[in-house]
Amino acid sequence: MEGSSSSSPAPGLKSAFSSEYDRSQLPDLLKFYYSWIFPYQKYYEWLCYDEDSFSHREFSFTLEDDVYVRYQSFDSCSALKEGIRKNCPFKIDIGAIFNHKPRIHKSIQPGNFRAESKELVFDIDMTDYDDIRTCCSDANICHNCWTFVKIAIKIIDRALSEDFGFSHRLWVYSGRRGVHCWVCDPQARKLSQSARTAIAEYLTLVKGNDQQVKKVSLKQPIHPSINNALGIIDEYIETLVMEQDYLSSEERCNKLVRCLPRRYSEQLQEDWKARNETSWTRWQRMESVLNRDTDDRTCKEVKLQYSYPRLDVNVTKGLNHLLKSPLCVHPKTGRVCVPINLKEIDDFDPFAVPTVSQLCHEFETRTDGKKDYHCTSLAPYMTTFVHFVTSLQSSSSAQRRKSGATSMDF
Ligand SMILES: [Zn+2]
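Criteria and thresholds
Residues numbered from 1 in each chain as written. Predicted model: local features only at pLDDT ≥ 70, side-chain atom pairs only at ≥ 80, totals over all residues. UniProt positions renumbered as here; feature names shortened; annotations may be inferred. Helix = DSSP H or I, 4+ residues; strand = E, 2+ residues; numbered from the N terminus. Rg over C-alpha atoms; globule rule 2.2 N^0.38 Å. Buried ≥ 20, exposed ≤ 12 C-beta atoms within 10 Å, placed from the backbone. Contact = placed C-beta atoms within 7 Å. Domains from an automatic or database assignment. Axes fitted to C-alpha atoms, helices over the stretch in contact; angles between N-to-C directions. Parallel < 35°, antiparallel > 145°, perpendicular 65-115°, else oblique. Left-handed = near helix turned anticlockwise from the far one by under 90°. Nonpolar A, V, L, I, M, F, W, Y, C, P; charged D, E, K, R; others polar. Arc of directions from axis to C-beta.

The protein chain is annotated in an unreviewed UniProt entry as DNA primase from Amphimedon queenslandica. According to UniProt, the comment filed for the protein chain under the heading Sequence similarities (unreviewed entry) is "Belongs to the eukaryotic-type primase small subunit family."

Laid out in structure tokens, this is it:
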């Protein structure tokens, strides 16, 4: 039972916590969050794919003062709860499912302890967009940055669903400047490192380092997946070009023409200079010039270079790579890593995601009889999570019935 070790704090109108996030309060806030709000049961159900999948799973805790504790594992939901409440981790990472319980790995002969499966995961981080962001850089993000994230989610999610046939995709806001995707289908969890690498490469189009000017090169005929991505980009391109104001200054115009064939650059620069127009009008002028060519690759390459998702491929490739857990708290912003409802992706606002302070404050000042996260603004995000877990559970029990029926055929 939630909070069985001590009685739940009585509802009241006064709170010890301010709803504004104050990092110095983090240890107390986390203690409260892990005691009363964290949705252990649903979290546990998510990771219980089959008999050993939970107890053989690695959790890694980052404690206060950056103490890093790897290879934690738990046999049950109550053991997980006890472990989290006792350690009060500033950050929780999820690792692979091993052939032995990770916490006893030291007693296993070297070479006999290995990662066997894990969700296929993706990490999109705004810092990888610094070559095309004009609004912010480094760890900062704003609403304009978020347009890149929406495009990335739609493109990657479509490919995972339609090109690979994965049904169980959980998208989560990282709490600061990006998003993660957890693909939980059994076929995805069993993928080898080389298969994960192949998928990551399939989804990577923008290549080259900071020195390279032109980073997208398409081959004819253009792959259907890329054409689908371009269809998604077209929904956002006007917004993106205006928000980033890609053609507002000579410097920005020069940057863009550098990735075009030289024969276009002079004419375009003259055209742009001659008229004092918005970035979007200039962009359209460029498109019509480029599309006069019979081969429309150049125009598509520019669009892709300025909007196509940048993935942190190392996170996807490694079976043993740790990734920040959904529903933990980002220590810098205090925001919870909440699931994202893809049906409402255009309305998702990272700055409206509740902070741990807000949740603790809401819990303490609750006036209804609701329990745990239900009386906080985490509830709508949890609806997305519960829906995801339920669909995962019903497809795995259907799978079990199917394989049970097959084995009865003998
Ligand atoms: Zn920004």
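Still more to cover.
**Student:** Where do I start with the overall build of the protein chain in this structure?
**Tutor:** A tally of helices and strands in the protein chain yields 14 helices and eight strands. Here the C-alpha atoms of the protein chain give a radius of gyration of 24 Å, agreeing with the 22 Å that 2.2 N^0.38 yields for 410 residues. Expressed along its principal axes, the backbone C-alpha trace of the protein chain runs to roughly 75 × 65 × 40 Å. Within the protein chain, buried positions represent 36% of all 410 residues. Within the protein chain, residue pairs in contact and separated by at least 24 positions form 70% of the contacts whose partners lie at least 6 positions apart.

**Student:** Would you take a moment to explain the environment of Phe 164 for this structure?
**Tutor:** On the secondary structure map, Phe 164 appears in the loop between α4 (143–163) and β6 (169–173). Along the chain, Phe 164 and Ile 199 lie 35 residues apart, while their C-alpha atoms are 9.1 Å from each other.

**Student:** Would you explain the domain arrangement of the protein chain in this entry?
**Tutor:** How big an interface is tends to be expressed through the accessible area that disappears when the partners come together. Per the domain assignment, the segments making up the protein chain are domain 1 (23–123 + 313–405) and domain 2 (125–166 + 198–305). Its C-alpha centre places domain 1 at a distance of 35 Å from the equivalent point of domain 2. The interface is formed by ten residues belonging to domain 1 together with ten residues belonging to domain 2. At the level of secondary structure, the elements contributing two or more residues to the side of domain 1 that touches domain 2 comprise β5 (120–125) and α12 (313–317).

**Student:** What exactly am I supposed to notice about the packing of helix α1 (residues 26–37) against helix α13 (residues 356–364) here?
**Tutor:** Helix packing geometry: the angle between the two helix axes and the distance between the axes. Relative to each other, α1 and α13 sit at 55 degrees, their axes nearing to 10 Å. Considering their axes alone, α1 and α13 lie oblique with respect to each other. The way α1 lies across α13 gives a crossing that is left-handed. Where α1 approaches α13, its residues Leu 29, Leu 30, Phe 32, Tyr 33, Trp 36 and Ile 37 are matched on the opposing element by Val 356, Ser 357, Leu 359, Cys 360 and Phe 363. Residues that form the contact of α1 with α13 fall into these classes: ten nonpolar, one polar and no charged.

**Student:** Please explain unusual backbone geometry as it appears in this structure.
**Tutor:** With the exception of glycine, most residues fall at negative phi, and the peptide bonds are largely trans. A cis amide bond, omega -10 degrees, links Gln 220 with the succeeding residue Pro 221. In this structure, Leu 327 takes a positive phi of about 75 degrees despite not being glycine. One can find Leu 327 in the loop between β8 (323–324) and α13.

**Student:** Quick question: what am I supposed to make of helix α3 (residues 77–87) here?
**Tutor:** Since the α-helix advances by 3.6 residues per turn, residues separated by three or four positions end up pointing in the same direction. Those residues of α3 that sit buried are Leu 80, Lys 81 and Ile 84. Taken around the axis of α3, the buried residues stretch over an arc of 100 degrees, which confines them to a single face. For α3, the secondary structure elements touched by its buried residues are α1 and α2 (40–47). One or two residues past the end of α3 sits Cys 88, with phi positive at roughly 45 degrees.

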